Amino acid sequence: MLTTPASPVVTYDKELRTLVADLTETMHDAPGAGLAAPQIGVSLRVFVWNVDDEVGHLINPSLDLSEELQEGDEGCLSFPGMLYETPRAFRAVAKGFNMHGEPIIVEGTELLARCLQHENDHLDGILFIDRLLKSDRKRAMKEIRNSEWFGVATESGAEPIIKVSPHAMNGLGL
Ligand code: NI
């Protein structure tokens, strides 16, 4: 599911509000700075974030990105313990809807912009390792193959891998 594009939300109902609540709770428990629905086994275009003490959610988002880039390490709750320099746009403007179907716009720079891009990528089936420089990507693929959790998801029937990293990720798990 992590490499498959998610479907747009068409009904803003109680189920959707429960999904947003589940995502938010799972993100806080991890803890992480963001989480997308495909990471908990739901293939819908929904994600949540918790950046600079601001918690939010976005449904059916589309992103406008600055040409200016930022540097920084990035991790993902679906790849516990991995942290790699990941090039991202410095600024992102995300347009979408809240759980009540009302249009909202979220603007962010630095970590919030990074988070919006990372989570939006999850909805398109794109992983942060796909965004790495070639040499880092090679190292990352090797780290994944050598990890204790590699293959666990497929062997156990596609259970999502969400667990707390043994190493502090400084809130960078997304
Ligand atoms: Ni992630």
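That block above? That's the structure.
Here's what I pulled together on the structure shown here.

**Things to note about the coordination of the nickel ion**
Okay, step 1: Listed as protein donors to the nickel ion are Cys76 (SG), His118 (NE2), His122 (NE2) and Leu174 (O); their distances from the metal cover 2.0 to 2.2 Å.
Okay, step 2: Note that the nickel ion binds four donor atoms; their angles at the metal cover 83 to 129°, and the shape is irregular.
Okay, step 3: Counting along the primary sequence, the residues that act as donors to the nickel ion give the motif C-x41-H-x3-H-x51-L. Taken as a pair, Cys76 in strand S5 (residues 73-76) and Leu174 in the segment after helix H4 (152-155) lie far apart in primary sequence, 98 residues in all.
Okay, step 4: For Cys76, a relative accessible area of 0% puts it in the buried group.

**Description of the side chain of His122**
Okay, step 1: Secondary-structure assignment places His122 in helix H2 (residues 110-123).
Okay, step 2: For His122, a relative accessible area of 0% corresponds to the buried category.

**Quick notes on the nonpolar core**
Okay, step 1: Of all hydrophobic cores here, the largest spans 15 residues; its most connected members are Phe47, Trp49, Leu58, Val106, Leu112 and Leu116.
Okay, step 2: Of all elements in the fold, only strand S2 (46-51), strand S8 (91-97) and H2 reach the threshold of two or more residues within this core.
Okay, step 3: Among the elements that line this core, the one with the most residues is H2, at five residues.
Okay, step 4: Setting aside chain neighbours within four positions, we find Phe47 in contact with Leu35, Ala36, Gly56, His57, Leu58, Pro61, Leu116, Glu119, Asn120 and Leu123.
Okay, step 5: Membership of the second largest hydrophobic core comes to 13 residues, among which are Val9, Val20, Ala30 and Leu77.

**With respect to the pairing of S5**
Okay, step 1: Here S5 runs beside strand S6 (residues 79-85); their pairing, made up of three bridges, is antiparallel. Within S6, the residue paired with Cys76 across the bridge is Phe79.
Okay, step 2: Hairpin connection from S5 to S6: two residues lie between these consecutive antiparallel strands.

**What to know about helix H1 (residues 14-29)**
Okay, step 1: Its 16 residues place the ends of H1 22 Å apart at the C-alpha level, agreeing with the 22 Å of an ideal helix rising 1.5 Å per residue.
Okay, step 2: Listing the buried residues of H1 in full gives Leu16, Leu19, Val20, Leu23, Thr24 and Met27. Taken end-on, H1 shows its buried residues confined to a sector of 130°, consistent with a single buried face. Exposed positions of H1 whose direction lies more than 90 degrees from the buried face are Lys14, Glu15 and Asp29.
Okay, step 3: On its buried face, H1 sits against strand S1 (34-36), S2 and strand S3 (54-65).

**Remarks on the pattern of salt bridges**
Okay, step 1: Enumeration over the complete set of coordinates arrives at eight salt bridges.
Okay, step 2: The residue Asp124 makes a salt bridge to Arg45 at a minimum N-O spacing of 2.6 Å. With Asp124 in the loop between H2 and helix H3 (134-146) and Arg45 in the loop between S1 and S2, the pair connects residues that are 79 residues apart, well separated along the chain.
Okay, step 3: According to the relative accessible area criterion, Asp124 is partly exposed, its value standing at 32%.
Okay, step 4: Owing to a relative accessible area of 14%, Arg45 belongs among the buried residues under this scheme.
Okay, step 5: Between Glu107 and Arg91 there is a salt bridge whose closest N-O contact spans 2.6 Å. Placement of Glu107 in strand S9 (residues 103-109) and of Arg91 in strand S8 is noted, with a sequence separation of 16 residues between them.

**Focus: H2**
Okay, step 1: With 14 residues, H2 should cover 20 Å at 1.5 Å per step; its first-to-last C-alpha distance of 20 Å lies within 8% of that length.
Okay, step 2: In terms of burial, H2 is a largely internal element, 12 of the 14 residues being buried.
Okay, step 3: Looking at H2, one finds that the buried residues are Leu112, Ala113, Arg114, Cys115, Leu116, Gln117, His118, Glu119, Asn120, Asp121, His122 and Leu123.
Okay, step 4: The positive-phi residue at the C-terminal boundary of H2 is Gly125, with phi of around 75°.

What counts, and where the lines are drawn
- Going along each chain's sequence as written, the residues are numbered from 1 onward.
- Given that this is a predicted model, residues contribute local features only at a pLDDT of at least 70 and side-chain atom pairs are listed and counted only at 80 or more, while totals for whole chains, interfaces and linings are drawn from all residues.
- Hydrogens and water are ignored here; the side-chain numbers use all heavy atoms of the structure.
- Coordination here is defined by N, O and S atoms within 2.8 Å of the metal (3.2 Å for Na, K and Ca), and since water is not considered, a site can look incomplete.
- Here the metal geometry follows the donor angles, with tetrahedral for four donors whose angles all fall between 85 and 135 degrees, square planar for four and octahedral for six when opposite donors are more than 155 degrees apart and every other angle is between 65 and 115, and irregular for all the rest.
- Each helix is a run of DSSP H or I of at least 4 residues and each strand a run of E of at least 2, with the numbering of both proceeding from the N terminus.
- The cut-offs for exposure are 20% and 50% of the maximum accessible area for each residue type, with area from a 1.4 Å probe on protein chains only; residues under the lower value are buried, those over the upper are exposed, and the others partly exposed.
- What we call a nonpolar core is a set of buried Ala, Val, Leu, Ile, Met, Phe, Trp, Tyr and Cys residues that are connected through their side-chain atoms within 4.5 Å.
- Contacts are assigned to residue pairs with any non-hydrogen atoms lying within 4.5 Å of each other.
- Any two strands between which DSSP finds at least two bridges are classified as paired.
- Helices are assigned an expected span. That span is 1.5 Å times one less than the residue count.
- Note: the arc covers the axis-to-C-beta directions of the helix.
- Throughout this description, the term salt bridge denotes a Lys or Arg side-chain nitrogen within 4 Å of a carboxyl oxygen of Asp or Glu.

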